[in-house]
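The residues making up each chain are set out below.
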Amino acid sequence: MNKPTKTAIEPTRTQDYPEWYQQVIKGADLAENSPVRGCMVIKPWGYALWENMQRVLDKMFKDTGHQNAYFPLFIPMSFLEKEAQHVEGFAKECAVVTHHRLEPDPNGGLRPAGPLEEPLIVRPTSETIIGAMYAKWVQSYRDLPILINQWANVVRWEMRTRLFLRTAEFLWQEGHTVHATAEEAMEETRKMLEVYADFAENYMAVPVIKGEKTAGERFPGADVTLSIEAMMQDRKALQAGTSHFLGQNFSKAQEIKFQDQNGQMSYAWTTSWGVSTRLIGALIMTHSDDDGLILPPRLAPSHIVIQPIYRDDAQRSEVLTYCQSLRKELSTQMLGERAIEVSIDDRDMRGGEKKWYHVKRGVPLRVEVGPKDIAKDAVFVARRDTGEQVSMSRSEFTASVSKILMQMQQNLFDRATKLRADHTVKIDNLDDFRAYFTPKNAEQPEIHGGFAECHFASEADVAEILNELKVTIRCIPMDGDDQGGPCFVTGKPSGKRAIFAKAY
RNA sequence: CGGGGUGUAGCGCAGUCUGGCUAGCGCAUCUGGUUUGGGACCAGAGGGUCGUAGGUUCGAAUCCUAUCACCCCGACCA
C-alpha cells in the first residue's frame, strides 16, 4: 500500500537537511552505522566510490614524485608527547591500548589482562611515528627530499559522529615529506593543495576555495595550514582537504636532522597533507537532490545501467541479446582515461522499483531498452543530473555517450559553482553579519547564510560574535585580490578578506 | 561530562499513563497465483527471552529500583 512519493528521498533538503543527508546515504546504500560506536561500515557502492577516488589521487601523488609506504597503526604514547602543540590538539580524542590479552572473568565474560609497560595509542594521524622513522633515514642532504604517502585508517574518538563527515575511524591518505629548506617544504605544501583542488574540481565536480587557515584553526603543530573549502547545499562550509607546512617543529621534536653541503647540521623541514572519506560526504552534499545521490561521471563506479524491458521469455532473450551488444559497444568508449562502465540490470524486479533503485544510487545514465525501442533501433536515455529523458537512435547515443557524460560532469560543477556564487557576500559591518548568519526560525533553522567575505584584524576581536553565531573563519583565500579594509567588528584596518561561514 | 529522549520481529512503530485472554500494526522476507513501458495486487506463511538484572503482585511490555546501550542538543573536532 506504499503510495508513490513525489521524491525518492524523504525528507527533502529544505524540510530537514541533516536527515535528508542520512537518507541519501541509506537510499544509495553507501554505508551504515555499525555496532561499534561512531564507526561506520562502508558498503560496496560507497567503497567503490572511494576506490575510484583513491585511484585518481594515487596517480596524482605518483605523478608529483611521491611513493607509497605503510607505517604502524599503533604509536607509543611517548612519541605523541614530543611535540607539545600536537599533544594538546589530539590528546583528548585518542583511543588508548593498555593491555595485550584477554582472560576469563568470574562472570563468564572476558577482561583485559597483561598491562602494557607503555600504552599504545591508535594513530589519530602519523606525524610522530613517521617522524621517528624519518629521523633514522635522514642523515645527509643527499637523503632529501623524502616524499612518502600512506593510505591508512585513523581513529579520532569524536563525541558526535556523522556518516562520512565525522566518524571515529576513517580512511584517508596522509602524505609526509621532508625537505632541506623551508622554501622547498612550503612549495610542497602548496603543490599538494593544488593537487587536492584539481581533484575536487575536475573529478568530484566540487568547486573549492584554496586558502590559508588562521592561527586558531591551524593543525596542531603546524606553522601554516592550507585548506580547500567547499560549500554544501545547505550553504555550510566543508573542509575537504588540508596541507600543512610543519616548519621545523616536528624535526626538532624528533631529531630529524641532516648534514648540508657545508658540513653543517640542520633540522629538516617537514610537511603533511591529507584527504579522507569525508570527501564522500562532500560529494553527497554538493550534488545530490531529493531523489537521492548524484555522482559525477568521472568518479561513478558505474556510468550507465541498461534496464531491459520485456513481457515474456521470447522477448526476454531478444531484448537481452540486444542489451548485451549495446553494452559491448558502449564499453569500448572512453571517459577521459577510463573506459565507460556499463552494467545490465536484468534482475526479476518491477520496472519502477528498479528505476528508482538506480536513481537513488546516482548512476549517471539509465538506459531502457524494450521491444519498441529495438524495433526502431533506438534507446530511451535518462540523465540523472537533470532528470531529462529522451529517446534517441542507438547510433546517436553510442556516438555521443562520452560527450554526454562530460557534459554532466561540467553541469554538476557549474551548478555547484552557481550555488556558491549566489550565497557569497561581502560584509563590512556587524549588523549585516549577524543578520546574515541568523536564521529566521530559531527553533528549526531554515537553510540560511553562506560564505561571508569579511575583513578582520585579529581573531580575538571577532571571537565573541563567531562563538555566538557558531560561525568560523574558514580560510584566507589565496586567490583573493582584495585591497584591504576595515574589520567588520572593530573597524581596525586589515589586509585580505577571509571567508566566514558555518561549517561541518 | 551536563540537559533531554528512546530501547517491543530485519526496519519503522502502537500498546505503558489506568497491570489481565495467545503482545499487535505497517514495510520487508518466504510460498502460490494474477500482473508487468514503470515505486503492483490477492491469498497464505515464517519471524519476539518486550535492552538487562532485581523487586512489588495471583498476574508485569506496563508499576518500583538499579544498570547498560543508543539517539538528539551543548562543550571538542578532518
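Residues numbered from 1 in each chain as written. Chains lettered and ligands numbered in written order. Predicted model: local features only at pLDDT ≥ 70, side-chain atom pairs only at ≥ 80, totals over all residues. Heavy atoms only, no water.

> Which residues make up the protein's contact with RNA strand B, and what values go with them?
Taken together, 30 residues lie around RNA strand B, and R160, R166, R278, I309 and E368 are the ones closest in. Protein-adjacent atoms of RNA strand B, using a 4 Å cutoff, are sugar or phosphate at a proportion of 40%. The backbone of T167 places a nitrogen or oxygen atom 2.4 Å from a base nitrogen of RNA strand B. R350 is positioned such that a nitrogen or oxygen atom in its side chain is 2.8 Å from a phosphate oxygen of RNA strand B. Contributing elements (two or more residues each) for the surface near RNA strand B: helix 10 (351-361) and helix 11 (371-375). Ranked by residues supplied to the surface near RNA strand B, first place goes to helix 10 with four residues. (Near = heavy atom within 4 Å. Polar contact = N/O pair within 3.5 Å; in protein donor to acceptor, adjacent residues only side chain to side chain. Helix = DSSP H or I, 4+ residues; strand = E, 2+ residues; numbered from the N terminus.)

> Tell me about the pattern of salt bridges, and please be specific about residues and values.
All told, the structure shown has 23 salt bridges when counted by the stated rule. Of the charged contacts, one joins K59 and D63 as a salt bridge, the two residues approaching to 2.9 Å between their closest N and O atoms. Remark: D63 and K59 occur in helix 2 (residues 44-63); sequence separation between them is four residues, near one turn of the helix. Take D63: its relative accessible area is 54%, and that puts it in the exposed class. Between E368 and R366 there is a salt bridge, and its shortest N-O distance comes to 2.7 Å. Of the two residues examined, E368 and R366, each falls in the buried class. Within the structure, one salt-bridge network assembled from shared partners comprises D29, E32 and K43. (Salt bridge = Lys/Arg side-chain N within 4 Å of Asp/Glu carboxyl O. Buried < 20%, exposed > 50% of the residue type's maximum accessible area, 1.4 Å probe, protein only.)

> Which residues make up the packing of aromatic side chains, and what are the values?
The tally for this structure, following the rule as stated, stands at 19 aromatic pairs. Ring geometry for W50 and W151: centres 5.9 Å apart, planes at 80°, overall edge-to-face. Linking W50 in helix 2 with W151 in strand 7 (residues 146-155), this pair joins segments that are 101 residues apart in sequence. Under the relative-accessibility criterion, W50 is labelled buried at 1%. The ring of Y322 carries R394 above its face, with NZ or CZ at 4.8 Å from the centroid. (Phe/Tyr/Trp six-rings, centres within 6.5 Å; stacked < 30°, edge-to-face > 60°. Lys NZ or Arg CZ within 6 Å of the ring centre and 35° of its normal.)

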